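Spelled out, the chains give:
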Amino acid sequence: MSRYCDIYMLAFDGEVCPVCGRKSDRQAKPDDLCFLVEKEQLWSGMLADVLEQHKIHFIQKNVLGAGLAAKIGQVRERVRFYVFFKQLPEATDIVNELFSSPFEGDGNED
Ligand SMILES: [Zn+2]
(Lines give C-alpha, C1' and ligand atoms only; values in the text may rest on other atoms or scores of the structure.)
Protein backbone atom coordinates (compact mmCIF):
# COMPACT_ATOMS: atom_id res chain seq x y z
CA MET A 1 0.00 0.00 0.00
CA SER A 2 1.39 3.34 -1.01
CA ARG A 3 0.39 6.83 -0.01
CA TYR A 4 0.39 9.85 -2.21
CA CYS A 5 1.63 13.40 -1.77
CA ASP A 6 -0.50 15.89 -3.67
CA ILE A 7 2.17 18.56 -3.55
CA TYR A 8 5.01 16.62 -5.13
CA MET A 9 2.87 14.07 -6.98
CA LEU A 10 4.82 11.35 -5.28
CA ALA A 11 3.80 7.84 -4.29
CA PHE A 12 5.64 6.56 -1.26
CA ASP A 13 5.56 3.87 1.39
CA GLY A 14 5.21 4.86 5.00
CA GLU A 15 3.29 7.72 6.57
CA VAL A 16 5.43 10.73 5.75
CA CYS A 17 6.33 12.10 2.34
CA PRO A 18 10.11 11.77 1.92
CA VAL A 19 10.28 15.04 -0.02
CA CYS A 20 8.17 17.55 1.89
CA GLY A 21 7.91 15.66 5.19
CA ARG A 22 4.17 16.04 5.39
CA LYS A 23 2.04 13.25 6.77
CA SER A 24 -0.40 12.02 4.18
CA ASP A 25 -3.49 9.88 4.72
CA ARG A 26 -4.25 9.82 1.05
CA GLN A 27 -3.72 6.44 -0.59
CA ALA A 28 -2.31 6.34 -4.07
CA LYS A 29 -4.95 5.52 -6.64
CA PRO A 30 -4.36 3.75 -9.98
CA ASP A 31 -4.89 6.94 -11.99
CA ASP A 32 -2.76 9.24 -9.84
CA LEU A 33 0.12 10.74 -11.73
CA CYS A 34 3.27 9.90 -9.83
CA PHE A 35 6.76 11.30 -10.05
CA LEU A 36 8.99 8.76 -11.77
CA VAL A 37 12.39 10.30 -12.32
CA GLU A 38 14.20 13.50 -13.19
CA LYS A 39 16.70 13.37 -16.03
CA GLU A 40 18.77 15.75 -18.07
CA GLN A 41 17.18 16.60 -21.35
CA LEU A 42 19.94 14.62 -23.03
CA TRP A 43 18.47 11.41 -21.63
CA SER A 44 14.81 12.32 -21.54
CA GLY A 45 14.22 11.58 -25.24
CA MET A 46 15.61 8.08 -24.88
CA LEU A 47 13.53 7.41 -21.81
CA ALA A 48 10.40 8.75 -23.51
CA ASP A 49 11.00 6.40 -26.46
CA VAL A 50 11.33 3.34 -24.24
CA LEU A 51 8.27 4.24 -22.16
CA GLU A 52 6.26 4.59 -25.37
CA GLN A 53 7.49 1.22 -26.56
CA HIS A 54 6.14 -0.28 -23.36
CA LYS A 55 2.82 1.55 -23.76
CA ILE A 56 3.37 3.49 -20.58
CA HIS A 57 1.61 6.84 -20.56
CA PHE A 58 3.65 9.65 -19.13
CA ILE A 59 3.88 13.40 -18.94
CA GLN A 60 7.05 15.46 -18.93
CA LYS A 61 7.67 18.70 -17.11
CA ASN A 62 10.71 20.82 -17.73
CA VAL A 63 12.28 21.84 -14.47
CA LEU A 64 13.47 25.13 -15.87
CA GLY A 65 11.06 27.11 -17.96
CA ALA A 66 12.04 27.29 -21.62
CA GLY A 67 12.71 31.01 -21.43
CA LEU A 68 14.90 30.73 -18.38
CA ALA A 69 16.93 27.85 -19.84
CA ALA A 70 17.54 29.85 -22.99
CA LYS A 71 18.77 32.83 -20.98
CA ILE A 72 21.09 30.80 -18.81
CA GLY A 73 22.33 28.91 -21.82
CA GLN A 74 24.94 26.61 -20.38
CA VAL A 75 22.68 25.19 -17.71
CA ARG A 76 21.22 21.95 -18.89
CA GLU A 77 17.52 21.72 -18.68
CA ARG A 78 16.17 18.79 -16.73
CA VAL A 79 12.96 16.93 -17.35
CA ARG A 80 10.69 15.30 -14.80
CA PHE A 81 8.66 12.29 -15.80
CA TYR A 82 5.31 11.40 -14.26
CA VAL A 83 3.39 8.17 -14.86
CA PHE A 84 0.13 6.71 -13.61
CA PHE A 85 0.44 4.90 -10.31
CA LYS A 86 -0.80 1.65 -11.84
CA GLN A 87 2.16 1.71 -14.25
CA LEU A 88 4.70 3.03 -11.78
CA PRO A 89 6.30 -0.36 -10.94
CA GLU A 90 6.85 -1.18 -14.60
CA ALA A 91 8.13 2.30 -15.34
CA THR A 92 10.48 2.12 -12.37
CA ASP A 93 11.91 -1.15 -13.67
CA ILE A 94 12.55 0.47 -17.05
CA VAL A 95 14.33 3.42 -15.45
CA ASN A 96 16.47 1.09 -13.35
CA GLU A 97 17.43 -0.92 -16.42
CA LEU A 98 18.19 2.11 -18.55
CA PHE A 99 20.08 4.02 -15.91
CA SER A 100 21.62 1.26 -13.82
CA SER A 101 24.97 3.00 -14.00
CA PRO A 102 25.53 5.77 -11.46
CA PHE A 103 26.88 7.82 -14.34
CA GLU A 104 24.19 10.15 -15.60
CA GLY A 105 26.21 12.45 -17.76
CA ASP A 106 26.94 14.83 -14.91
CA GLY A 107 30.45 16.12 -14.44
CA ASN A 108 31.62 15.12 -17.88
CA GLU A 109 32.16 18.52 -19.45
CA ASP A 110 34.26 18.45 -22.58
ZN1 LIG B 1 5.23 15.64 -0.12
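The structure presented is a predicted model; accordingly, all values stated were derived computationally and were not measured.

Here is what the cut-offs are and how they apply
- Residues numbered from 1 in each chain as written.
- Predicted model: local features only at pLDDT ≥ 70, side-chain atom pairs only at ≥ 80, totals over all residues.
- Heavy atoms only, no water.
- Pairing = 2+ DSSP bridges.
- Helix = DSSP H or I, 4+ residues; strand = E, 2+ residues; numbered from the N terminus.
- Axes fitted to C-alpha atoms, helices over the stretch in contact; angles between N-to-C directions.
- Contact = heavy atoms within 4.5 Å.
- Salt bridge = Lys/Arg side-chain N within 4 Å of Asp/Glu carboxyl O.
- Buried < 20%, exposed > 50% of the residue type's maximum accessible area, 1.4 Å probe, protein only.
- Donors = N, O, S within 2.8 Å, 3.2 Å for Na, K, Ca; no water.
- Arc of directions from axis to C-beta.

Draft legend 1. Summary view of the sheet that holds strand β4 (residues 58-62). Taken together, 3 strands build an open sheet; the order of strands is β3-β5-β4 and the sheet is antiparallel. Bordering the open sheet on either side are β3 (33-40) and β4, each of which pairs with just one other strand. Direction aside, neighbouring strands of the sheet carry axes that sit 25° apart on average. With 5 bridges connecting them, β4 and strand β5 (residues 78-84) associate as antiparallel partners. Directly across from Ile59, in β5, lies its bridge partner Tyr82. Strands β3, β4 and β5 of the sheet are contacted by helix α1 (residues 41-53), whose axis makes an angle of about 135° with β3. Each of β3 and β5 is contacted by helix α3 (residues 88-98), which is oriented at about 15° to β3, the strand it contacts most.

Draft legend 2. The arrangement of the pattern of salt bridges in detail. A full pass over the atoms with the stated rule returns 8 salt bridges. Across the pair Glu38 and Arg78 runs a salt bridge whose closest N-O atoms are separated by 2.7 Å. Residue Glu38 is located in strand β3, and its partner Arg78 is located in strand β5; the two are separated by 40 residues in the primary sequence. By relative accessible area, which is 23% here, Glu38 ends up partly exposed. Owing to a relative accessible area of 24%, Arg78 belongs among the partly exposed residues under this scheme.

Draft legend 3. Representation of the coordination of the zinc ion within the structure. Distances from the zinc ion to its protein donors, namely Cys5 (SG), Cys17 (SG) and Cys20 (SG), fall within the range 2.2 Å. Donor residues for the zinc ion, ordered by position in the chain, follow C-x11-C-x2-C. Placement of the pair is Cys5 in strand β1 (residues 3-5) and Cys20 in the loop between β2 (10-12) and β3, with a sequence separation of 15 residues. Relative accessible area serves as the criterion here: at 27%, Cys20 is assigned to the partly exposed category.

Draft legend 4. Representation of α3. Considered for burial, the residues of α3 that qualify are Leu88, Ala91, Ile94 and Val95. Summarising the axial view, the buried residues of α3 lie within an arc of 120°, below the 170-degree limit, and thus occupy one face. Away from its buried face by more than 90 degrees, α3 exposes Pro89 and Glu97. Summarising the contacts, the buried residues of α3 are in contact with β2, β3, α1 and β5.

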